[in-house]
Amino acid sequence: MRRLLVLLALTLGTAGAANLTVFAASSLTDAFTEIGRAFDAGTGNRTTFSFAGSQVLRTQLTQGARADVFASANAAQFDPLLEGGLIASGQVFARNRLAVITPRGGTAVRTLADLARPGLKLVIAERGVPVGEATRRAFDLIGASGSYGADFAARALRNVVSEEPNVRQVALKVSLGQADAAVVYVSDVTPTLRRSVRTVALPPRFNPPVSYPVGVLRASPNAEQAQAFVRFVRGPEGQRILRKWGFLPAP
Amino acid sequence: MTRPHPVPVVLSLGLAAFLLLPVAALLARGLGADFLPTLLSPVVLDALRVSAVTTGAALALTLALGTPVAYLLARRRFPGRTLLDALLDLPMVLPPVVAGVALLLTFGRTGWLGRPLELAGVSLAFSPAAVVLAQVFTSAPFYIRAAKAGFLAFDPDVEAAARVDGAGPWATFARVTLPLALPFLLEGAVLAWARSLGEFGATLLFAGSLPGRTRTVPLAIYGALESDLAPALVLSAVMVVLAFGVLFALRALAGRRG
């Protein structure tokens, strides 16, 4: 037993590795899982993730949840932690775009105009969820363009049958065929999801800017390794994985 | 009268404190100065209304359909009775999210019954009816169990005597069986209602979450946690008060029964 403990202490000590806890937005689920594996393989750390809507993670962090790194899907859920002193500094590491998805084989949605057609079942994220906020801004942009009617946003929002707590739940409702359409990030249309949904293009002019900030928690007991994780995410290998999962590079 | 040993006393106090402190913290925050204005905010009122309506409907359905099931299970011998009895308890031990998936695969738009229903013009997905189904699915077994115990709690000879005295089957049921089983039925109804009120996972998955329509109190608490803590705290405090009311009612009913 004692020999085992010594061995354990040695392996942990020599590698300078740590158990890292990363709180990350739901939309980062696939990309960060892969990044975590690559990071751990190179450094010997053991990184575990808690994926949820950024707003949930923010609430948990303000209520004292212990984490080393926080990666949020927008500044609105990140900056209050900066101002509150929980996080020392933040850097944008990725950007994203919105996409409209509809069940594969479904005929209810062919163009953006269909989103506002009465009787359509539309699922979006809640206003407090970054993607939900971006969705509402996109609807406003579509309405303001004039080509789809000035009241597009109001008509589309009337079609909303559910406001979900995170983007993966939004995508799930369409992949199960429950809803006619949903608004998610381009990066959420993963190879798995692509088997059950079709994407309707959302032109760039209707896409509000979506940036992902990341930062190390001030209370992190593994600040050094946490900083290394952030560097890895922003470095070439992290950016390659993010691009693979549909994210745009940081500006 | 000997003084109790200090060890169990200290351990009991520790556990009691552990169980009660979070409740106290919740009530202290939830019942704060802005309790009333928050209680009267649309977010909270909508959630309370949706929960009241859906749990009311779920309870009515459970009573109407669960009572005969419990009666037959308690009084009749038929092939497969034990199996059916066990199967009907199943939703009680299933994780709610599993119940949600099961309901989706059955009543969802592409589900077994969902597709024909959709063709017939009935769309359950994201409707308050879906909330009710989720609640009945997860709470009816609690009622059936209690009701079964109620029908087994007295001698069937009492009913036979009533029939000998000329009472028809309905009169016997209404005048003899029901009153005798009533404390059990009430207890089951209270439990089932409380379970419906707390239903979260199956509802979120199967019925979605739309303010004023399918967003019940637990879903509203979950939703509010993401932006504004105040409604979540007030609704949580309301749930604590309701839950305590339920437990208190159960004690009273048990007293009547005993």
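Everything that follows concerns the structure shown earlier in this document.
Residues numbered from 1 in each chain as written. Chains lettered and ligands numbered in written order. Predicted model: local features only at pLDDT ≥ 70, side-chain atom pairs only at ≥ 80, totals over all residues. Heavy atoms only, no water.

Chemist: Could you clarify how one ought to interpret the nonpolar core in this entry?
Modeler: Looking at soluble globular proteins, one finds that nonpolar side chains tend to be buried together. Within the largest apolar cluster, 70 residues are counted, with the highest numbers of intra-cluster contacts made by Leu28(A), Phe32(A), Phe93(A), Leu115(A), Tyr212(A) and Leu242(A). Sequence-distant contacts of Phe32(A), defined by excluding residues within four places in its chain, comprise Val22(A), Ala24(A), Phe49(A), Phe51(A), Ala71(A), Phe93(A), Phe229(A), Val233(A) and Leu242(A). Core analysis: the next-biggest nonpolar cluster, separate from the first, contains 14 residues, Leu39(B), Val217(B), Ala220(B) and Val234(B) among them. (Core = buried A, V, L, I, M, F, W, Y, C linked by side-chain atoms within 4.5 Å. Buried < 20%, exposed > 50% of the residue type's maximum accessible area, 1.4 Å probe, protein only. Contact = heavy atoms within 4.5 Å.)

Chemist: Got a minute to help me understand empty space enclosed by the protein in this structure?
Modeler: Vacant regions in the atomic arrangement are exposed by a probe of water-molecule size rolled over the atoms. Residue and element names in this part refer to chain A. Across all of its chains, the model carries 3 cavities of 30 Å³ or more by this definition. By volume, the largest cavity amounts to about 50 Å³. In terms of lining residues, the largest cavity is bounded by Ala25, Ser26, Ser27, Ala52, Gly53, Ser54, Ala73, Val129, Pro130, Val131, Val167 and Tyr185. Considered class by class, the residues forming the lining of the largest cavity number 8 nonpolar, 4 polar and no charged. In this structure, the second largest cavity is lined by Val100, Leu112, Leu115, Thr135, Ala138, Phe139, Ile142, Val183 and Leu202. Taken together, the residues of the lining of the second largest cavity break down into 8 nonpolar, 1 polar and no charged. (1 Å grid on protein atoms, 1.4 Å probe; cavity = no way out; pocket = protein on both sides within 12 Å on 5 of 7 lines; lining within 4 Å. Points joined across faces, edges and corners; volume = space filled by probe spheres on them. Nonpolar A, V, L, I, M, F, W, Y, C, P; charged D, E, K, R; others polar.)

Chemist: I'm lost on the interface of chain A and chain B in this one. Help?
Modeler: For an interface, size is often stated in terms of accessible area lost upon the parts coming together. With 23 residues of chain A in contact, the opposing surface of chain B contributes 20 residues. Taking both sides of the interface into account, the surface hidden between chain A and chain B amounts to around 1800 Å²; carbon and sulfur atoms contribute 51%. Taken together, the links from chain A to chain B amount to 3 salt bridges. The interface formed by chain A and chain B contains 9 residue pairs in polar contact (both at pLDDT 80 or more). Of all the secondary-structure elements, those providing two or more residues to the side of chain A that touches chain B are helix H3 (54-62), strand E7 (160-164) and helix H7 (167-175) of chain A. Broken down by element, the side of chain A that touches chain B gets its largest block of residues, 5 residues, from E7(A). Residues of the side of chain A that touches chain B, tallied by class, amount to 9 nonpolar, 8 polar and 6 charged. (Buried area = accessible area lost by both parts, 1.4 Å probe. Salt bridge = Lys/Arg side-chain N within 4 Å of Asp/Glu carboxyl O. Polar contact = N/O pair within 3.5 Å; in protein donor to acceptor, adjacent residues only side chain to side chain. Helix = DSSP H or I, 4+ residues; strand = E, 2+ residues; numbered from the N terminus.)

Chemist: For this particular structure, what's the right way to read the packing of aromatic side chains?
Modeler: Here the distance between the centres and the angle between the planes together describe a pair of aromatic rings. Residue and element names in this part refer to chain A. This structure, assessed with the given rule, holds 19 aromatic pairs over all chains. Considering the side-chain rings of tyrosine 148 and phenylalanine 206, the 6.1 Å spacing of their centres and the 75° angle between planes classify their relative orientation as edge-to-face. With tyrosine 148 in the loop between helix H5 (130-145) and helix H6 (152-158) and phenylalanine 206 in the loop between strand E9 (197-200) and strand E10 (210-216), this pair connects stretches of sequence that are 58 residues apart. Ring geometry for tyrosine 212 versus phenylalanine 247: centroids 5.4 Å apart, planes at 90°, classification edge-to-face. Here tyrosine 212, found in strand E10, pairs with phenylalanine 247, found in the loop between helix H10 (236-244) and strand E11 (248-249); they are 35 residues apart in sequence, far enough to count as distant. Assessed through its relative accessible area of 3%, phenylalanine 247 is described here as buried. An aromatic cluster is defined as three or more aromatic residues linked by ring pairs; in this entry it consists of Phe32, Phe39, Phe49, Phe51, Phe93, Tyr185, Tyr212, Phe229, Phe232 and Phe247. (Phe/Tyr/Trp six-rings, centres within 6.5 Å; stacked < 30°, edge-to-face > 60°.)

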